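What the coordinates show
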Number of protein chains: 2
Amino acid sequence: MRTVAVDAMGGDHAPGPEVEGAVAAVREKLAQVVLVGDEQRLNSEIAKHGHPKGLTIRHASQVIAMDEHPGVAAKSKKDSSMRVSFELAKHGQVDAVVSAGNSGAMMACGLFVMKRLSGVDRPGIVTTFPTKTGLCALMDMGANVECRPQTLAQFAVLGSLYARVLHSKPKPKVGLLSNGEEASKGTELTRGAHRMLSMPLDKDFEYVGYVEGKDIFTGRLDVVVTDGFTGNVLLKTAEGASGAIFELLKEEILKSSMGKVGALMLRNVFKRLRKKLDWDEHGGAPLVGVDGVAILCHGRSNAKAIKNGIRVAASFAEAKLPSAITESIGKHAAMWETETARENAQ
Amino acid sequence: MRTVAVDAMGGDHAPGPEVEGAVAAVREKLAQVVLVGDEQRLNSEIAKHGHPKGLTIRHASQVIAMDEHPGVAAKSKKDSSMRVSFELAKHGQVDAVVSAGNSGAMMACGLFVMKRLSGVDRPGIVTTFPTKTGLCALMDMGANVECRPQTLAQFAVLGSLYARVLHSKPKPKVGLLSNGEEASKGTELTRGAHRMLSMPLDKDFEYVGYVEGKDIFTGRLDVVVTDGFTGNVLLKTAEGASGAIFELLKEEILKSSMGKVGALMLRNVFKRLRKKLDWDEHGGAPLVGVDGVAILCHGRSNAKAIKNGIRVAASFAEAKLPSAITESIGKHAAMWETETARENAQ
């Protein structure tokens with residue numbers, strides 16, 4: 001069984017959900033867990049649930065807060081729960097890391113501790129959206145707020161590898177997020193990436209061109225590529241829109257007794273829909289492009305989300321993504337090397 | 001009664017919805033309408049509905065397509081339906097323009113023909129989202145894909161003026177869209193704008209700082225400011241997410257007879273909810289910051305959306321926004337002038 005380090009102090013409501021989720025994961029034999037954080041607080045939190053075998057504590061005296069500068073915090077807070085979790089993975093004491101903390105700091109820890117995989121420009125974070133026909137991966141969801149075109153071209157390779165291995169899509173359809181489908185749209189960044197991705201090379205994915213925010217839900221794409229700023233806005237907007245619709249629906253239902261009876265009859269329908277749309281079910285977002293397995297959970301993660309993050313972390317450790325990434329990046333390198341050579345010649 | 005020019009050739013399904021919407025608007029006495037486009041096609045389209053008094057045609061031989069370069073098309077296609085519509089407004093033959101065409105070209109026509117209002121850096125396009133407690137304005141929704149920090153600071157002024165005059169919010173709450181609420185988040189662009197908006201000046205709006213994509217739906221904000229690339233992604237994502245939820249809901253409902261009966265009882269609830277979320281009801285998105293009134297409708301607009309666009313265009317012409325904008329931009333100028341002076345000194 002794989003062992004997963006859980007940064008127990010990083011999330012908005014830490015360490016409650018982290019501990020409860022870890023206890024559940026261990027009890028369900030998804031993985032062995034090392035909870036990393038303030039020993040005293042973790043012990044008193046564990047006492048609420050009982051201490052299962054396979055759950056251990058590794059003390060860490062510092063915490064990286066959500067509003068800290070990611071790079072500075074990851075570098076200077078050597079005894080933070082997040083940094084220590086990554087060190088455990090680096091030294092082979094655990095197989096993977098789960099954290100609901102500062103996503104930028106997680107990226108920085110990935111870079112400083114696990115290190116970039118050879119040939120990878122910038123690692124990124126992948127998140128998954130439910131669609132009519134399955135799942136669609138979005139990369140990057142927030143780690144790299146400012147990107148080069150080369151980085152986005154690599155995200156197409158990394159994201160499609162993720163979709164191939166973990167969503168079983170043999171030749172993923174990849175779209176580049178823009179403000180319209182026409183090639184004249186986009187920014188300097190997207191136009192550069194579009195040029196690279198359109199190169200007539202033998203690729204492990206099918207590049208479909210520019211796509212819009214709505215396309216991620218249609219099921220016609222397996223991967224959507226964007227910078228971390230835009231990816232974060234897309235993710236939060238989708239969450240906000242779906243939350244708002246359910247609230248407005250509830251408001252309208254409560255206006256009439258007919259509405260209340262109808263809603264009662266649709267109880268199971270709503271339950272199944274909620275489950276399909278539930279971000280907590282998807283088990284967090286992997287940091288892709290570093291030499292190791294690290295799963296980022298939402299800052300507001302509840303125990304279920306942490307438990308699912310641990311489950312996914314264990315299965316990713318099993319799948320050995322890093323070596324597949326190195327190979328695929330090498331195969332597609334002409335895409336960004338041509339552009340980089342052109343830049344250097346100027 | 002106000003007279004509105006409708007670019008009848010710009011939308012994805014033009015001129016059908018444009019003509020039908022214009023006929024309906026004239027019949028409902030919302031405005032007089034000048035349909036601008038290919039005379040022969042427009043006449044044969046009008047023949048389907050009957051030709052009401054107050055509806056006239058102005059021939060234009062060219063069309064700006066969705067995939068054309070906005071600036072080039074707006075400048076070179078002098079007899080395009082969009083450009084001619086703007087010329088009619090410029091020369092006082094109509095009070096406002098409505099178009100479902102290329103949004104970038106519309107922005108370019110606003111700049112070339114109506115001209116920027118004095119002191120305005122870049123005009124932008126405002127769109128409106130339904131929230132629990134009313135409406136939230138988003139600026140820019142797609143016209144300015146690459147912005148300077150100064151432009152975003154001005155969007156706060158322009159957007160809040162819009163919210164004050166048209167949504168009756170005396171002191172609008174304005175948020176700056178970012179990838180997290182902490183001041184350490186964001187890009188170089190948002191950090192520059194945040195610095196300007198945080199200056200301790202007497203403002204006509206309340207700046208609440210960085211906000212996330214989900215915040216636009218909560219009702220705690222009246223205006224959200226962002227660049228046109230990100231604004232377009234937010235808008236399309238919200239549309240896509242709400243569409244996907246209703247499709248998934250329908251799918252789940254059809255799985256059981258209990259579901260079908262419950263849905264029947266909720267028929268009116270769904271109808272009211274759909275109406276609240278219906279983008280076509282909001283009557284298009286105004287181009288703010290030019291010396292005139294121009295309303296952009298969605299490329300896929302149906303006749304109802306065009307009709308509502310005409311209604312809003314007529315009421316905007318009534319409200320005389322341009323002079324209020326000039327005044328408000330002057331009042332808040334210290335915000336961006338300090339930054340511009342600093343840049344020039346470097």
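Just above sits the structure.
Report on the accompanying structure. Since this is a predicted model, take the numbers as computed values, not measurements.

Things to note about the overall build of chain A
Within chain A one finds 13 helices and 11 strands. In summary, chain A has a C-alpha radius of gyration of 21 Å against a globular reference of 20 Å for 346 residues, a match within 12%. Projecting the C-alpha coordinates of chain A onto the three principal axes gives extents of approximately 60 × 60 × 35 Å. Here chain A holds 346 residues, and the buried ones make up 60% of them. Contacts spanning at least 24 positions in sequence make up 72% of the contacts within chain A whose residues lie at least 6 apart. Carbon and sulfur atoms form 51% of the exposed surface of chain A, whose accessible area is close to 13400 Å². Within chain A, the 39 negative side-chain charges are centred at a point lying 4 Å from the centre of the 44 positive side-chain charges.

Overview of helix H4 (residues 81-90) of chain A
All names here are of chain A. With respect to burial, H4 is a largely interior element, eight of its 10 residues being buried. Along H4, the residues classified as buried are Ser81, Met82, Arg83, Val84, Ser85, Phe86, Leu88 and Ala89. Positive backbone phi, approximately 75 degrees, marks Gly92, located one or two places after H4.

Quick notes on unusual backbone geometry
With glycine set apart, most residues show a phi of negative sign, and most peptide bonds adopt trans. Residues and elements named next belong to chain A. Omega for the bond connecting Ala14 with Pro15 falls within 30 degrees of zero, at 0 degrees, which places this linkage in the cis form. Positionally, Pro15 belongs in the loop between strand S1 (3-7) and helix H1 (16-27). Unlike most non-glycine residues, Lys29 shows phi in positive territory, near 55 degrees. Residue placement: Lys29 occurs in the loop between H1 and strand S2 (32-37). Unlike most non-glycine residues, Ser168 shows phi in positive territory, near 55 degrees. Looking at where Ser168 falls in the secondary structure, it is placed in the loop between helix H6 (149-166) and strand S7 (173-177). By relative accessible area, Ser168 is classed as exposed at 59%.

Regarding the pattern of salt bridges
Tallied over the entire structure, the rule returns 40 salt bridges over all chains. Two residues, Glu68 of chain A and Lys77 of chain A, come together in a salt bridge whose shortest N-O distance is 2.7 Å. Taking the shortest distance from any N to any O, the salt bridge between Lys331 of chain B and Asp202 of chain B comes out at 3.9 Å. Of this pair, Lys331 of chain B sits in helix H12 (residues 321-331) while Asp202 of chain B sits in the loop between helix H7 (188-197) and strand S8 (206-211), and the two are 129 residues apart along the sequence. Given a relative accessible area of 60%, Asp202 of chain B falls into the exposed group.

Digging into the environment of Gly240 of chain A
Tracing the backbone shows Gly240 of chain A in helix H8 (residues 228-253). With a relative accessible area of 11%, Gly240 of chain A lands in the buried category. The residues contacting Gly240 of chain A, other than those within four sequence positions of it, are Lys214 and Phe217 of chain B.

Notes on the relation of the copies chain A and chain B
Superposition of chain A onto chain B requires a rotation of 180 degrees combined with a translation of 0.0 Å along the rotation axis, giving an RMSD of 0.0 Å. When the rotation and shift are considered jointly, the pair of chain copies conforms to a two-fold rotation axis. Ranked by how close their C-alpha atoms come to the rotation axis, the residues of chain A are headed by Gly262 of chain A, at 2.2 Å. An overlap of 100% is found between the interface residues of chain A and their copies at the interface of chain B, pointing to a shared contact surface.

Observations regarding the packing of H1 of chain A against helix H11 (residues 303-319) of chain A
Describing two packed helices takes the angle between their axes plus the distance from one axis to the other. Residue and element names in this part refer to chain A. Between H1 and H11, the least distance of the axes is 7 Å, while the angle of their chain directions is 50 degrees. Classified by the interaxial angle, the pair formed by H1 and H11 is oblique. At the point where H1 passes H11, the crossing takes the right-handed sense. Of H11, the residues touching H1 (which contributes Pro17, Glu18, Glu20, Gly21, Ala22, Ala24 and Ala25) are Ala303, Ile306, Lys307 and Ile310.

Remarks on the nonpolar core
Inside soluble globular proteins, nonpolar side chains tend to come together where they are buried. In terms of nonpolar packing, the biggest core is built from 90 residues, with Phe86 of chain A together with Phe86 of chain B touching the most fellow members. Beyond its immediate stretch of four places on either side in the chain, Phe86 of chain A contacts Val97, Met106, Cys109, Gly110, Val113, Met114, Leu287 and Ala294 of chain A. Counting 60 residues, the second largest nonpolar core, distinct from the first, contains Leu55, Leu117, Tyr207 and Val293 of chain A.

Observations concerning the interface of chain A and chain B
Chain A puts 59 residues into the contact, and the matching count from chain B is 59 residues. Summed over both partners, the interface of chain A with chain B comes to about 5300 Å²; 68% of that surface belongs to carbon and sulfur atoms. Inspection of the chain A/chain B interface yields four salt bridges. Here Glu146 of chain B ties to Arg191 of chain A by a salt bridge, and the two come within 3.9 Å at their closest N and O atoms. Connecting chain A to chain B are eight residue pairs in polar contact (both at pLDDT 80 or more). Of all the elements in the fold, those that place two or more residues in the side of chain A that touches chain B are helix H7 (188-197), H8, helix H9 (257-265) and helix H10 (267-277) of chain A. Here the side of chain A that touches chain B takes 20 residues from H8 of chain A, the largest share from any one element.

Some remarks on the pairing of strand S10 (residues 285-288) of chain A
All names here are of chain A. Neither face of S10 is exposed, since Ala285 and Leu287 on one face and Pro286 and Val288 on the opposite face are all buried. Sheet topology places strand S5 (residues 124-131) next to S10; two bridges connect them, and they run antiparallel. Looking at S10, one finds that Ile125 is bridged to Leu287. The sheet contact formed by S10 and strand S11 (residues 294-296) spans two bridges and is antiparallel. Across the sheet, residue Ala285 finds its bridge partner in S11, namely Leu296. Count of turn residues in the S10/S11 antiparallel hairpin: five residues, of which Gly289 carries a positive phi of about 115 degrees.

Structural notes on the pairing of strand S1 (residues 3-7) of chain B
Residue and element names in this part refer to chain B. Buried residues dominate S1, accounting for five of its five residues. Across the two faces of S1 the burial is the same, with Thr3, Ala5 and Asp7 and Val4 and Val6 all buried. With five bridges joining them, S1 and strand S2 (residues 32-37) adopt parallel strand pairing. Paired with Asp7 across the strands is Val36, a residue of S2. Taking the sense of rotation as the criterion, the β-α-β connection linking S1, helix H1 (residues 16-27) and S2 turns out right-handed. The pairing of S1 with strand S4 (residues 96-99) spans four bridges and is classified as parallel.

Some words on the environment of Ala60 of chain B
Residue and element names in this part refer to chain B. By secondary structure assignment, the location of Ala60 is in the loop between strand S3 (55-59) and helix H3 (70-76). Here the alpha-carbon distance between Ala60 and Glu39, two residues 21 residues apart in the chain, equals 7.4 Å. Non-local contacts of Ala60, meaning those with residues more than four positions away in its chain, are made with Val36, Gly37, Asp38, Asp79, Ser80, Ser81 and Val84.

A look at the sheet that holds S10 of chain A
Residues and elements named next belong to chain A. Taken in spatial order, the 11 strands of this open sheet run S3-S2-S1-S4-S11-S10-S5-S6-S9-S7-S8, and their pairing is mixed. Strands with a single pairing partner mark the edges of an open sheet, and in this sheet they are strand S3 (55-59) and strand S8 (206-211). Sheet twist, expressed as the average angle between the axes of neighbouring strands with direction ignored, equals 25 degrees. Pairing of strand S6 (residues 134-139) with strand S9 (residues 223-225) involves three bridges; the strand directions are parallel. Note on S9: the bridge partner recorded for Met139 is Val225. Where helix H2 (residues 39-47) meets the sheet, it contacts S2 and S3, and its direction lies at approximately 155 degrees from that of S3.

Definitions and cut-offs
- Residues numbered from 1 in each chain as written.
- Chains lettered and ligands numbered in written order.
- Predicted model: local features only at pLDDT ≥ 70, side-chain atom pairs only at ≥ 80, totals over all residues.
- Heavy atoms only, no water.
- Helix = DSSP H or I, 4+ residues; strand = E, 2+ residues; numbered from the N terminus.
- Rg over C-alpha atoms; globule rule 2.2 N^0.38 Å.
- Buried < 20%, exposed > 50% of the residue type's maximum accessible area, 1.4 Å probe, protein only.
- Contact = heavy atoms within 4.5 Å.
- Areas by Shrake-Rupley, 256 points an atom, 1.4 Å probe, with all protein chains shown as cover.
- Lys, Arg positive; Asp, Glu negative; His and termini not counted.
- Charge placed at Lys NZ, Arg CZ, Asp CG, Glu CD.
- Salt bridge = Lys/Arg side-chain N within 4 Å of Asp/Glu carboxyl O.
- Least-squares fit on C-alpha atoms with pLDDT ≥ 70 in both.
- Axes fitted to C-alpha atoms, helices over the stretch in contact; angles between N-to-C directions.
- Parallel < 35°, antiparallel > 145°, perpendicular 65-115°, else oblique.
- Left-handed = near helix turned anticlockwise from the far one by under 90°.
- Core = buried A, V, L, I, M, F, W, Y, C linked by side-chain atoms within 4.5 Å.
- Buried area = accessible area lost by both parts, 1.4 Å probe.
- Polar contact = N/O pair within 3.5 Å; in protein donor to acceptor, adjacent residues only side chain to side chain.
- Pairing = 2+ DSSP bridges.
- Right-handed = clockwise from strand over helix to strand, strands pointing away.

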